[in-house]
Each structure stands twice: as structure tokens, then as C-alpha cells.
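Here are the chains, one letter per residue:
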Amino acid sequence: MPPTSPSAAEPSGAPGLRRAPAGLRVVVAGAALEVAALVAAAGYALWRVVGGDDVSVGLALGLCVFALGFAAILAGCTRALLRGRRAGRAPVATWQLLQGIVGVTAVQGGAPAWGVPAVVVAAVVLVALMLRPVVQVTAGTSRPAGG
């Protein structure tokens, strides 16, 4: 029978989204936006292949795999943060740095329409991830039973 109370379903110290500090909610919202963008990029690449556009099929399918893989990793790491596990912090922070670099490169290359939002989201999520309440909540090392 599944646990009836949220505290029984989560390890001690795990905030869940409702009780999470504001900074962790910002991290989760930003990561959710990034996951959606990665899935959209994968869908767009696939749509271009199916639509018969003059694109490299291998490159488009590689982009799909890359984007969906990173979306899954980012979603999993965000879930770990919500459960109070520190294991999600480093991958989420690394993704923000990579996204920021790509965003700056896009701005320099003449694509500010998506480069600037990428940099802004990356910066906001990275700063929120380093706030003391977020670090304290995600510093737990407890593991679920059987895991």
C-alpha cells in the first residue's frame, strides 16, 4: 500500500515542491523550462527530417538523442534535488554552465533571440542552486529503502 502522507514517501529532510525553499522552486522551474526546450529541440529536429527538409538525417537524429538524453538527465537530477539528495546539484550546475556558454556564443553569433534567454535562465538557476537554503535542503545523503 502506498504511503498516505508526503513525509512517509520522502526521505527525512526532503522538502517536496510545496515545502521547498523559494530558491529550490526557482531551480525546479528553470530546469523544467530547460527540459521542455530540449524536448522541443528534439521534436523540431525530428519534424524537419520527417517533413523532408534538406537536412542531414544523421545529424538531426543525433540531436534528438542528445537533447532527449540530457532532458532525461536534467529531469532526474531535479527530482533528486526535490528529494533532498546532493547528487543532483553538480549535474544541474554543470548544465547551467554549458548552457550559459552556448547562449553567449549564440548571442555573439547573431542569435540573441534564444541566446539571451538561455543565458538568463542558466544564470538564475545557477545562483538559486547556490543559495544557502537550497544547499542545506539538498545536502542530505539519505537513500530510499531498498536503493
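What counts and what doesn't
- Residues numbered from 1 in each chain as written.
- Predicted model: local features only at pLDDT ≥ 70, side-chain atom pairs only at ≥ 80, totals over all residues.
- Heavy atoms only, no water.
- Helix = DSSP H or I, 4+ residues; strand = E, 2+ residues; numbered from the N terminus.
- Buried < 20%, exposed > 50% of the residue type's maximum accessible area, 1.4 Å probe, protein only.
- Contact = heavy atoms within 4.5 Å.
- Areas by Shrake-Rupley, 256 points an atom, 1.4 Å probe, with all protein chains shown as cover.
- Phe/Tyr/Trp six-rings, centres within 6.5 Å; stacked < 30°, edge-to-face > 60°.
- Lys, Arg positive; Asp, Glu negative; His and termini not counted.
- Salt bridge = Lys/Arg side-chain N within 4 Å of Asp/Glu carboxyl O.
- Polar contact = N/O pair within 3.5 Å; in protein donor to acceptor, adjacent residues only side chain to side chain.
- Expected span 1.5 Å × (residues − 1).
- Arc of directions from axis to C-beta.
- Core = buried A, V, L, I, M, F, W, Y, C linked by side-chain atoms within 4.5 Å.
- Axes fitted to C-alpha atoms, helices over the stretch in contact; angles between N-to-C directions.
- Left-handed = near helix turned anticlockwise from the far one by under 90°.
- Nonpolar A, V, L, I, M, F, W, Y, C, P; charged D, E, K, R; others polar.
- pLDDT = per-residue confidence, 0-100.
- Patch = residues over 30% accessible without salt bridge, like charges linked within 9 Å, V, L, I, M, F, W, Y side chains within 5 Å.

A. Quick peek at the overall build of the protein chain. Scanning the protein chain for helices and strands turns up six helices and zero strands. Sequence-ordered secondary structure for the protein chain, helices as α and strands as β, is α-α-α-α-α-α. Expressed as a percentage of its 147 residues, the buried residues of the protein chain come to 32%. Sequence separation of at least 24 residues holds for 66% of the intrachain contacts in the protein chain that already meet a minimum separation of 6. Only carbon and sulfur atoms are counted for the fraction: they give 70% of the accessible area of the protein chain, which is about 8800 Å².

B. Layout of the packing of aromatic side chains. According to the stated counting rule, one finds three aromatic pairs in the structure shown. An aromatic cluster of three or more residues is present, and its members are Phe66, Phe70 and Trp95.

C. Region of interest: the side chain of Glu34. For Glu34, the location among the structural elements is in helix H2 (residues 22-50). No salt bridge is formed by the buried Glu34, whose closest oppositely charged neighbour, Arg89, lies at an N-O distance of 15 Å. Side chain to side chain, Glu34 and Gln99 meet in a polar contact 3.2 Å long. The residues contacting Glu34, other than those within four sequence positions of it, are Leu74, Trp95, Gln96, Gln99, Val121, Ala122 and Val125.

D. Structural detail: helix H4 (residues 89-108). Look at H4: 29 Å from first C-alpha to last across 20 residues, which is about the 28 Å you get at 1.5 Å a residue. Of the residues making up H4, those classed as buried are Val92, Ala93, Trp95, Gln96, Gln99, Gly100, Gly103 and Ala106. Taken down its axis, H4 places every buried residue within 155 degrees of arc, on the same side. Opposite the buried face of H4, by more than 90 degrees, sit the exposed residues Leu97, Ile101 and Gln108. Of the surrounding elements, those touching the buried residues of H4 are H2, helix H3 (57-82) and helix H5 (112-129). Where H4 ends, the next residue or the one after it, Gly110, has phi of about 95 degrees, a positive value.

E. Expanded view of the nonpolar core. In this structure, Leu24, Val27, Leu74, Leu81, Val92 and Leu129 are the most contacted members of the largest nonpolar core, which totals 25 residues. Counting residues per element, the ones that place at least two in this core are H2, H3, H4 and H5. For Val27, the contacting residues outside a window of four places in its chain are Leu81, Val92, Val125, Ala128 and Leu129.

F. Just the packing of H2 against H5, in detail. Following both chains from N to C, one finds H2 and H5 inclined at 145 degrees, their axes separated by 8 Å at the closest point. Relative to H5, the crossing made by H2 is left-handed. Touching Gly23, Val26, Val27, Gly30, Ala31, Leu33 and Glu34 of H2 are Val121, Ala122, Val124, Val125, Ala128 and Leu129, all from H5. Of the residues that constitute the contact of H2 with H5, the class distribution is ten nonpolar, two polar and one charged.

G. Structural view of the confidence of the model for the protein chain. Looking at the protein chain as a whole, the pLDDT averages 85, with 82% of positions reaching at least 70. Every residue in residues 1-12 scores below 50 in pLDDT, and together they form nine contacts with partners more than four places removed in sequence or on other chains. Contacts of residues 141-147 to residues separated by more than four positions or lying in other chains number five contacts, the stretch itself having pLDDT below 50.

H. Quick peek at a nonpolar patch on the surface. A cluster of nonpolar residues, Val26, Val107, Val116, Val120 and Val124, forms a patch on the protein surface that exposes about 350 Å² of accessible area. Broken down by element, the nonpolar patch gets its largest block of residues, three residues, from H5. Relative to the helices and strands, Val107 is located in helix H4.

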